Amino acid sequence: MVSRRRVATSGDVEVSTYLEIAAEKRGEQLLPIKEPEPEAEREAVVVIDFGSQYSMLIARRVRECRVYSELVPYDAPWERVAPIRPKGFILSGGPASVYEPGAPLAPAYIYESHLPILGICYGMQAITHQLGGKVALGAKREYGHAILHLGAVDSPFFADLPPSLPVWMSHGDVIAEMPPGFTTLAHTENSPVAVMGNENGVFGLQFHPEVAHTPEGKTILKNFLYRVCGCKGNWTPANFIAESVAGIRERVAGGRVVGALSGGVDSAVVTTLIHQAVGDQLTCIFVNNGLLRREEAERTLNAFRHNLKMNIIYVDATQRFLDQLRGVVDPEEKRRLVGEEFIRVFEEEAAKIGQVDFLAQGTLYPDVIESATPQDRASAKIKTHHNVGGLPSKMKLSLLEPLRHLFKDEVREVGLALGLPEEMVWRQPFPGPGLAIRIIGEVTQEKLEILRAADWIVMNEIKKAQLYRQLWQSFAVLADVKTVGVMGDFRTYGYLVALRAVTSDDAMTADWARLPYDLLSRISNRIVNEVPGVNRVVYDISSKPPSTIEWE
Ligand code: XMP
């Protein structure tokens, strides 16, 4: 049964029963979290990854249809796939050509399973090649929009679709000859076989249903999942929580768990889930590195220690971090020092707890996929990102990573379903090294105070303008520059504050936000008038690339 604890929804908002409020907002009644039925059927579809840039997107789209999905490399053995208990397979696109020597092919078990299969682009070509058809280089590469004309409109695969629809193509190879038993279900001007299928629920699409440029793509995927694979869409945050809580309980048994609390959504969700599963067997360590935003530490402590009654060790290590950072101006050096000092403090505190068996980490699915796919997805290192996870390797703890199969938006959904305050669930990302990389040049107590005051104004004004959620990040940066100003009849010589506000889906690319002029003007006026030592404000209008989101 979910206990009804009391928590503050923010530092300055009245304390309230947040589980009830969150449920009420969603128009739901609070239900006790049920243990999963032992016999409950798990619905999953496995995406076989041939290295397309869209592979992860396919898994996301499937999950948006409330069917659990995992991405596995094309050479994954059956033992890796069997525990997922798939009800069907989707073969992704990929850069290879099936007729080239050594081209990746689908594992035999997908055909031997007799489960439904959907091949997308290269995936369709792999099916064709492996089941006795012929793939050849097309007369011309087809890239971009095309109109798909459905032939077999009575096929369940095409339910709820108009007879013609726009789709997105990106291929050079074509199906020259379908495998025995397959028929053409739809065509485009350049692809006579744009969709094919057989009686056993094996389908191939030459286009990409997963991308936004195929507006009906989700209906097509849904038809495959619901009408061909027979899924019902029961993968919901509440089911995830129930399954996850039961799994954590079983794994941890009587053991002890330690985790780092940072105030971010991932660590909040991880600790809440684990706390729900094993209660006081979990101890969280919250290291205040002195590089946090105003009131960040108090709010987090208030929410977790006082209201959720979690075991939290709070360490104010501000001075230790400032000592480390004295005289340091290089951004990567700042990151390294903050990361290392964090490990030291964390290990010291964890050692005081006594015997600990597990380390809780907020690893998310994109991190897992990046390190697991056969293709080299690693990109050149631009900045080292120190997160709290993965640090204390010396401690020889087993990892507890309940979010390792979730995407960020799913973590947020789970957070809301757990009843965490919206303010915490929708918090914008904040870098591990904190304000140290938003103060250009040496970090000092004085500069931290100035930046905190300016940042507070930015956050408040952005929230007041109801733009906080739409923006990926919005914050102030303290430049290592002083400029001349005039206040009253006096000359001033003060700091320059830069505003940074960006829109983005994943932080890989970002655009500067077109904030309204009057909002910019209000923020600028307030900072110059209310923050001593600052006499100029500029707005950063660079996108990423070529710039980055943070200034350091
Ligand atoms: P950049 O500046 O590389 O940032 O465009 C992309 C995203 O990563 C965050 N970021 C960090 N996060 N440790 C972190 O935990 C770091 O050292 C770090 N550097 C950047 C940044 O806030 C943005 O969301």
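So, here's what we can say about the structure. Because the structure is a prediction, the values reported are computed rather than measured.

What to know about the overall build of the protein chain
Link 1 in the chain: Helix and strand counts for the protein chain come out as 16 helices and 20 strands.
Link 2 in the chain: Counting every position in the protein chain, which comprises 552 residues, the buried fraction comes to 54%.
Link 3 in the chain: Taking the intrachain contacts of the protein chain between residues at least 6 apart in sequence as the baseline, contacts between residues at least 24 apart amount to 75%.
Link 4 in the chain: Entry remark: accessible area of the protein chain is about 25,100 Å², with carbon and sulfur atoms responsible for 52%.

Considerations on the pattern of salt bridges
Link 1 in the chain: The full count for this structure, using the stated rule, is 34 salt bridges.
Link 2 in the chain: The salt bridge partner of E296 is R427, with a shortest N-O separation of 2.7 Å. Separated by 131 residues along the polypeptide, E296 in helix α9 (residues 296-307) and R427 in the loop between α14 (422-425) and α15 (445-464) bring together distant segments of the chain. One exposure class covers both E296 and R427, and it is buried.
Link 3 in the chain: Among the salt bridges present, the one from K334 reaches E552, with a minimum N-O distance of 2.9 Å. Of this pair, K334 sits in helix α11 (residues 331-353) while E552 sits in the segment after β20 (534-539), and the two are 218 residues apart along the sequence. One exposure class covers both K334 and E552, and it is buried.
Link 4 in the chain: Members of the salt-bridge network, linked through shared partners, are R320, E333, R336, E340, E341, R344 and E348.

Examining the packing of helix α7 (residues 237-252) against helix α8 (residues 265-278)
Link 1 in the chain: Running from N to C, α7 and α8 point in directions that differ by 60°, and their axes come no closer than 8 Å. Compared by their axis directions, α7 and α8 come out oblique. Of the two possible hands of crossing, α7 and α8 adopt the one that is right-handed. Contacts from F240, I241, S244, V245, I248, R249 and V252 in α7 reach L273, I274, Q276, A277 and V278 in α8.
Link 2 in the chain: Of the residues assigned to the contact of α7 with α8, the class counts are 9 nonpolar, 2 polar and 1 charged.

Focus: the sheet that holds strand β16 (residues 398-400)
Think of a sheet as strands paired side by side through backbone hydrogen bonds, with each pair either parallel or antiparallel.
Link 1 in the chain: Strand order across the open sheet formed by 5 strands is β14-β13-β12-β15-β16, with parallel pairing between neighbours. Both edges of this open sheet fall to β14 (311-316) and β16, since each of them pairs with a single strand only. Within the sheet, the average angular offset between the axes of one strand and its neighbour, ignoring direction, is 25°.
Link 2 in the chain: In the sheet, strand β12 (residues 257-260) pairs with strand β15 (residues 358-360) via 3 bridges, with the strands oriented parallel. Paired with G259 across the two strands is A360, which belongs to β15.
Link 3 in the chain: Along the sheet face, α8 touches β12, β13 (282-288), β15 and β16 and points at about 155° away from the line of β13.
Link 4 in the chain: Set on the sheet, α9 makes contact with β13 and β14; between it and β14 the angle comes to about 165°.

What about the environment of P433?
Link 1 in the chain: By the element assignment, P433 lies in the loop between α14 and α15.
Link 2 in the chain: Note: C-alpha distance between P433 and L292 (141 residues apart in sequence) is 8.8 Å.

Some words on the packing of aromatic side chains
Link 1 in the chain: Here the structure, examined in full by the defined rule, presents 13 aromatic pairs.
Link 2 in the chain: Between W78 and Y109, the ring centres sit 5.2 Å apart and the planes meet at 50°, which makes this aromatic pair tilted. With a gap of 31 residues between them, W78 in helix α3 (residues 78-81) and Y109 in helix α4 (residues 108-112) connect regions that are remote in the sequence.
Link 3 in the chain: The class of W78 is partly exposed, set by a relative accessible area of 37%.
Link 4 in the chain: Classification of Y109 by relative accessible area gives buried; the value is 12%.
Link 5 in the chain: Each ring, one from W235 and one from F240, has its centre 6.4 Å from the other, and the planes form 75°; the classification is edge-to-face.

Concerning the nonpolar core
Link 1 in the chain: Within the largest apolar cluster, 121 residues are counted, with the highest numbers of intra-cluster contacts made by L515 and I527.
Link 2 in the chain: Here this core takes 9 residues from α15, the largest share from any one element.
Link 3 in the chain: Setting aside chain neighbours within four positions, we find L515 in contact with I462, L467, L471, A501, L520 and Y539.
Link 4 in the chain: Counting 40 residues, the second-largest nonpolar core is a separate cluster that includes A59, A146, L161 and A186.

Some words on the sheet that holds strand β5 (residues 88-91)
Link 1 in the chain: Strand order in the open sheet formed by 9 strands is β4-β3-β5-β6-β11-β10-β9-β7-β8, with mixed pairing between adjacent strands. Looking at the sheet topology across the chains shown, the edges are occupied by β4 (68-73) and β8 (164-177). Geometrically, the sheet is characterised by an average inter-axis angle of 20° between neighbouring strands, direction not taken into account.
Link 2 in the chain: The sheet contact formed by strand β3 (residues 44-49) and β4 spans 6 bridges and is parallel. Bridging across to β4, I48 finds its partner in V72.
Link 3 in the chain: Across the sheet, helix α2 (residues 55-64) is in contact with β3, β4, β5 and β6 (117-120); its angle to β4 comes to roughly 160°.

Considerations on the side chain of E550
Link 1 in the chain: One can find E550 in the segment after β20.
Link 2 in the chain: The exposure class assigned to E550 is buried, which follows from its relative accessible area of 9%.
Link 3 in the chain: At 2.8 Å, the side chain of E550 and the side chain of R438 are in polar contact.

A word on the side chain of Q361
Link 1 in the chain: Along the chain, Q361 turns up in the loop between β15 and α12 (365-370).
Link 2 in the chain: Residue classification places Q361 among the buried residues on the basis of a relative accessible area of 7%.
Link 3 in the chain: Engagement of the side chain of Q361 in a polar contact is seen with the side chain of E401, the distance being 3.4 Å.

Considerations on unusual backbone geometry
It is generally the case that most residues other than glycine have a negative phi and that most peptide bonds are trans.
Link 1 in the chain: K544 connects to P545 through a cis peptide bond whose omega is -15°.
Link 2 in the chain: Not every positive phi belongs to a glycine, and R66 is a case in point at roughly 65°.
Link 3 in the chain: Relative to the elements of secondary structure, R66 occurs in the loop between α2 and β4.
Link 4 in the chain: The phi torsion at K309 lies on the positive side, around 55°, for a residue other than glycine.

A short note on the pairing of β3
Successive residues of a regular strand alternate their side chains across the two faces of the sheet.
Link 1 in the chain: With 6 of 6 residues buried, β3 is to be regarded as a mostly interior element.
Link 2 in the chain: Burial along β3 is two-sided: the residues A44, V46 and I48 and V45, V47 and D49 are all buried.
Link 3 in the chain: With α2 bridging β3 and its parallel neighbour β4, the resulting β-α-β unit is right-handed.

What counts and what doesn't
- Residues numbered from 1 in each chain as written.
- Predicted model: local features only at pLDDT ≥ 70, side-chain atom pairs only at ≥ 80, totals over all residues.
- Heavy atoms only, no water.
- Helix = DSSP H or I, 4+ residues; strand = E, 2+ residues; numbered from the N terminus.
- Buried < 20%, exposed > 50% of the residue type's maximum accessible area, 1.4 Å probe, protein only.
- Contact = heavy atoms within 4.5 Å.
- Areas by Shrake-Rupley, 256 points an atom, 1.4 Å probe, with all protein chains shown as cover.
- Salt bridge = Lys/Arg side-chain N within 4 Å of Asp/Glu carboxyl O.
- Axes fitted to C-alpha atoms, helices over the stretch in contact; angles between N-to-C directions.
- Parallel < 35°, antiparallel > 145°, perpendicular 65-115°, else oblique.
- Left-handed = near helix turned anticlockwise from the far one by under 90°.
- Nonpolar A, V, L, I, M, F, W, Y, C, P; charged D, E, K, R; others polar.
- Pairing = 2+ DSSP bridges.
- Phe/Tyr/Trp six-rings, centres within 6.5 Å; stacked < 30°, edge-to-face > 60°.
- Core = buried A, V, L, I, M, F, W, Y, C linked by side-chain atoms within 4.5 Å.
- Polar contact = N/O pair within 3.5 Å; in protein donor to acceptor, adjacent residues only side chain to side chain.
- Right-handed = clockwise from strand over helix to strand, strands pointing away.

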